[in-house]
Amino acid sequence: MAQPQPVSLTDLDLTQLGEIKKQFEEELNHFTSSFAQLKQAQAKFKACIENVAEINPRNQGKTILVPLTNSLYVPGKLNDPEHVLVDVGTGYFVQKTRPQATKHYQDKVTYIQANLETLEDTIQKKRDNMNAVISVIQMKLQEQTRNTAKA
């Protein structure tokens, strides 16, 4: 199978350049949206770390609000402040000690941070590519304007 040959942007016409620019814009929108979603997930895991840190033996037997969903809380009593239930995804929960839970959430935050950095690099490369396409489009439009003015 033959390797695709690179094509110089200056060899493309304005219609093709416009299509490439549109594709880059769509990709940038997708990556930017993904970046925002990852940031939100990271913030939720950081909040979980803070919540685990707030549970301590002094609160044993006290009434607390237990979250059933993001917006629904019910009263409950804290019987075992040394263990928490950790949502590990798709509706599965695992009992962990507080230090284990904190490590679990910290690992998630670290993993997401690595993905955010990779995604940020990808976004920057796409922006650079799109700026190169825009520069060539502007150059071709100026050239076209000069040719029309001469004629």
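The structure under discussion appears in the preceding block.
Reading the values: rules and limits
- Residues numbered from 1 in each chain as written.
- Predicted model: local features only at pLDDT ≥ 70, side-chain atom pairs only at ≥ 80, totals over all residues.
- Heavy atoms only, no water.
- Helix = DSSP H or I, 4+ residues; strand = E, 2+ residues; numbered from the N terminus.
- Buried < 20%, exposed > 50% of the residue type's maximum accessible area, 1.4 Å probe, protein only.
- Contact = heavy atoms within 4.5 Å.
- Expected span 1.5 Å × (residues − 1).
- Polar contact = N/O pair within 3.5 Å; in protein donor to acceptor, adjacent residues only side chain to side chain.
- Pairing = 2+ DSSP bridges.
- Core = buried A, V, L, I, M, F, W, Y, C linked by side-chain atoms within 4.5 Å.
- Axes fitted to C-alpha atoms, helices over the stretch in contact; angles between N-to-C directions.
- Parallel < 35°, antiparallel > 145°, perpendicular 65-115°, else oblique.
- Left-handed = near helix turned anticlockwise from the far one by under 90°.
- Nonpolar A, V, L, I, M, F, W, Y, C, P; charged D, E, K, R; others polar.

> Please clarify how the side chain of K126 should be interpreted in this entry.
With respect to the helices and strands, the residue K126 is situated in helix 2 (residues 98-150). Among the residues examined, K126 registers a relative accessible area of 18% and is labelled buried. Beyond its immediate stretch of four places on either side in the chain, K126 contacts F24, E27, L28 and F31.

> What is the right way to look at helix 1 (residues 14-54) in this model?
Taking 1.5 Å of rise per residue, 41 residues should cover 60 Å, and helix 1 covers 60 Å from first to last C-alpha, within 8% of that figure. For helix 1, the full list of buried residues reads L17, F24, L28, S34, Q42, I49 and V52. Residues of helix 1 that are buried make contact with helix 2. Between the side-chain oxygen of the N-cap and the backbone nitrogen of T15 there are 3.1 Å, and the N-cap of helix 1 in question is D13.

> Would you take a moment to explain the pairing of strand 2 (residues 73-77) for this structure?
Consecutive side chains along a regular strand alternate between the two faces of the sheet. As judged from the five bridges shared by strand 1 (residues 63-67) and strand 2, these two strands associate in the antiparallel manner. Opposite P67, over in strand 2, you have Y73 as the bridge partner. Hairpin geometry of strand 1 and strand 2 is characterised by an intervening segment of five residues between the two adjacent antiparallel strands.

> Just checking my understanding: could you explain the nonpolar core for this structure?
As a rule of thumb, nonpolar side chains are buried together in soluble globular proteins. Listed in full, the ten residues of the largest apolar core are L12, L17, F24, L28, L119, I123, M130, V133, V136 and I137. Looking at this core, the elements that each hand over two or more residues are helix 1 and helix 2. If you tally residues by element for this core, the top one is helix 2, at six residues. If near-sequence neighbours (up to four positions away) are discounted, L17 is found in contact with L9, L12, V133, V136, I137 and K140. In this structure, V84, V86, A101 and V109 belong to the second largest nonpolar core, which totals seven residues.

> Even after reading the chapter, I still don't get unusual backbone geometry, so can you show me in this structure?
Trans is the prevailing form of peptide bonds, just as negative phi is the prevailing case for residues other than glycine. If you check the backbone angles, T90 has positive phi at about 45 degrees while not being a glycine. Locating T90 in the fold gives a position in the loop between strand 3 (83-89) and strand 4 (92-97). On the basis of relative accessibility, which here comes to 76%, the residue T90 falls in the exposed class.

> I keep staring at the environment of N59 and nothing clicks. Help me out?
Residue position: N59 is located in the loop between helix 1 and strand 1. Note: C-alpha distance between N59 and L78 (19 residues apart in sequence) is 6.9 Å. When near neighbours in sequence (up to four residues on either side) are disregarded, N59 contacts E54 and L78.

> Sorry if this is basic, but what is going on with the packing of helix 1 against helix 2 here?
A pair of packed helices is characterised by two quantities: the angle between their axes and the separation of those axes. Their axes nearest at 8 Å, the elements helix 1 and helix 2 cross at an angle of 160 degrees. Relative to helix 2, helix 1 is oriented roughly antiparallel. The handedness of the crossing between helix 1 and helix 2 is left-handed. Of the residues in the contact of helix 1 with helix 2, the class split is 26 nonpolar, eleven polar and eleven charged.

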